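# Residue-level structure breakdown
This is what each chain is made of:
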Amino acid sequence: LRDAKEEAETKAKQEQEFVEARKAHFGAQFDDFQGLVQLEALEMLSNQCEGRVQSLLTSLSPESLASVKKELVAIKLEFELKDLDEEDEEDEEKEHEFDRLMNEHIGQVGLNATAEKVIHVQEKNRKWLMDCAREQEDGLQKPTKVIHESAIQSLAELTARSIELFHKVGQLLLTEKNAPLASYKTKASGLANCTRVLCSEIGILSTKYTQRLNSAAEKTEDAESVNPLITNVYLEATNSSTYIQDGFQLLLPVLQQSAMDAHTNV
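The structure contained in this document is the topic of the report that follows. Along every chain, residues carry numbers that run from 1 in the direction the sequence is written. Since the coordinates come from a predicted model, pLDDT governs what is reported: local features require at least 70, and pairs of side-chain atoms require 80 or more to be given and counted, while whole-chain, interface and lining totals use all residues. Hydrogens and waters are ignored; side-chain quantities use all the structure's heavy atoms.

## Description of the side chain of Glu201
What counts as a helix is a DSSP run of H or I of at least four residues, what counts as a strand is a run of E of at least two, and both are numbered from the N terminus. Relative to the helices and strands, Glu201 resides in helix H9 (residues 183-220). Whether a residue is buried, partly exposed or exposed follows from its accessible area with a 1.4 Å probe, protein chains only, as a fraction of its type maximum: under 20%, in between, or over 50%, in that order. We classify Glu201 as buried; its relative accessible area is 0%. With residues up to four places along the chain from it excluded, the contact list for Glu201 reads His96, Phe98, Gln122, Arg126 and Leu158. Note on definitions: a residue-residue contact is assigned when non-hydrogen atoms from the two residues lie within 4.5 Å.

What follows is the structure, encoded as structure tokens:
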């Protein structure tokens, strides 16, 4: 009985440790927020469209091919995001009107998609950070472990909602009829700008969370143990931005197929 009790206690402790570890694991949280499911669905959609684009290109006349290729190249140029790496360091320090920018840029895409879920998550994250800062000013300290868990969960949820938004846009693009061929460059530009705003927000969030971690460590004089947590937040912020940029890139074949469908329907 004693052995069985000890074994049960050990198992319960291991299960609890596993649950606790998941709270601070970006991949696990991203999966829990359905990010992986959305990403896999977006990848499938992208692959299907890529095959369709190649098939359509081979079926066009030389005159149509020249016209369409010009628009496809214009769309592809919007997907290069060359300026994103240059802006990263600045973005961590500057604020932006997240909701206004997201609504404005998603509006450029001209579909029934909205950024409502992404905006809700961003507002929730910012409120948590403001409440945490206020508590720290009042001398009420959250443990660094709790702040770190919140940071990872916030990054994972914002990333998952971003991928969900891209997947929804991809689905809507393929149902759109009679859009002018030239409008697809504008749609691509809007999605590129959404990606820039989302990656900028990831940078700002990671900086704000590490500020709260530093503040908590100063009060408890426990700077040594907080350094790995800060490093981990910045690492997962980089992973988050990569997921968002990868999700955006998966929309290229979808936009190209939608543009070609619009051309063939003319």
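The discussion continues.
## Some points on helix H7 (residues 116-137)
In this scheme, a helix's expected span is set at 1.5 Å multiplied by one less than its residue total. End to end, H7 covers 32 Å across 22 residues, agreeing with the expected 32 Å (1.5 Å per residue, within 8%). Turning to H7, its buried residues are Val118, Ile119, Val121, Gln122, Asn125, Arg126, Leu129, Cys132, Ala133 and Gln136. When H7 is viewed along its axis, its buried side chains cluster within an angular range of 165° and face the same direction. Among the exposed residues of H7, those pointing more than 90 degrees away from its buried face are Glu116, Lys117, Lys127 and Met130. The secondary structure elements touched by the buried residues of H7 are helix H6 (98-108), helix H8 (144-173) and H9. Phi for Gly139, located one or two positions after H7, is positive at around 85°. Taking the helix axis as origin, the arc is that swept by the directions to the C-beta atoms.

## A few points about the packing of H6 against H9
Between two packed helices, the angle of one axis relative to the other and the distance separating the axes together describe the packing. At their nearest, the axes of H6 and H9 sit 7 Å apart, and the two run at 160° to each other. In this view, H6 runs roughly antiparallel relative to H9, as classed from their interaxial angle. Judged by the sense of rotation from one axis to the other, the crossing of H6 with H9 is left-handed. Counting all contacts with H6, which are made through Phe98, Leu101, Met102, His105, Ile106 and Gln108, the residues of H9 involved are Thr186, Lys187, Ser189, Gly190, Leu191, Asn193, Cys194, Val197, Leu198 and Glu201. Structural elements are reduced to axes, namely lines fitted to C-alpha atoms, with helices fitted over the stretch in contact, and the angle between N-to-C directions of any two is expressed from 0 to 180 degrees. To sort the angles, those under 35 degrees are grouped as roughly parallel, those over 145 as roughly antiparallel, those from 65 to 115 as roughly perpendicular, and the leftovers as oblique. Note on convention: the crossing is left-handed when the near helix lies turned anticlockwise from the far helix by less than a right angle, right-handed when the turn is clockwise.

## Considerations on the pattern of salt bridges
Definition used for salt bridges: Asp or Glu carboxyl oxygen within 4 Å of a side-chain nitrogen of Lys or Arg. Under the definition given, this model contains 14 salt bridges. In this structure, Asp32 and Arg22 form a salt bridge, with 2.7 Å as the shortest nitrogen-oxygen distance. In this pair, Asp32 is assigned in helix H2 (residues 26-32) and Arg22 in helix H1 (residues 2-23), connecting sequence segments 10 residues apart. We classify Asp32 as partly exposed; its relative accessible area is 43%. Judged by its relative accessible area of 27%, Arg22 is partly exposed. Two residues, Glu78 and Lys185, come together in a salt bridge whose shortest N-O distance is 3.1 Å. Of the two residues, Glu78 is situated in helix H4 (residues 62-78) and Lys185 in helix H9; the sequence distance between them amounts to 107 residues. Glu78 gets classed as buried once you look at its relative accessible area, which sits at 17%. What you see here is one network of salt bridges that share partners, running through Glu97, Arg100 and Glu104.

## Things to note about the packing of aromatic side chains
Any pair of Phe, Tyr and Trp rings, taking the six-membered ring for Trp, is counted once the centres come within 6.5 Å. Such a pair is stacked with planes under 30 degrees apart, edge-to-face with planes over 60 apart, and tilted for the rest. In the structure shown here, the tally under the stated rule is six aromatic pairs. When the ring of Phe26 is compared with that of Tyr243, the centres are 5.9 Å apart and the planes differ by 35°; the resulting orientation is tilted. Within this pair, whereas Phe26 is found in helix H2, its partner Tyr243 is found in helix H10 (residues 223-249), the two being separated by 217 residues in sequence. Judged by relative accessible area, which is 25%, Tyr243 ranks as partly exposed. Ring centres 4.2 Å apart and planes at 5° place the aromatic pair Phe79 and Phe248 in the stacked group.

## Focus: the environment of Leu181
Note that Leu181 resides in the loop between H8 and H9. Residue classification places Leu181 among the buried positions, given a relative accessible area of 16%. Ignoring sequence-local partners within four residues, the contact set of Leu181 consists of Glu71, Ala259 and His263.

## Some thoughts on the nonpolar core
Remark: nonpolar core denotes a set of buried residues (Ala, Val, Leu, Ile, Met, Phe, Trp, Tyr, Cys) joined through side-chain atoms within 4.5 Å. Within the largest apolar cluster, 73 residues are counted, with the highest numbers of intra-cluster contacts made by Ile75, Met102, Val169 and Leu191. Per-element accounting of this core gives the leading share, 14 residues, to H9.

On their own, these measurements won't tell you what the molecule is for.
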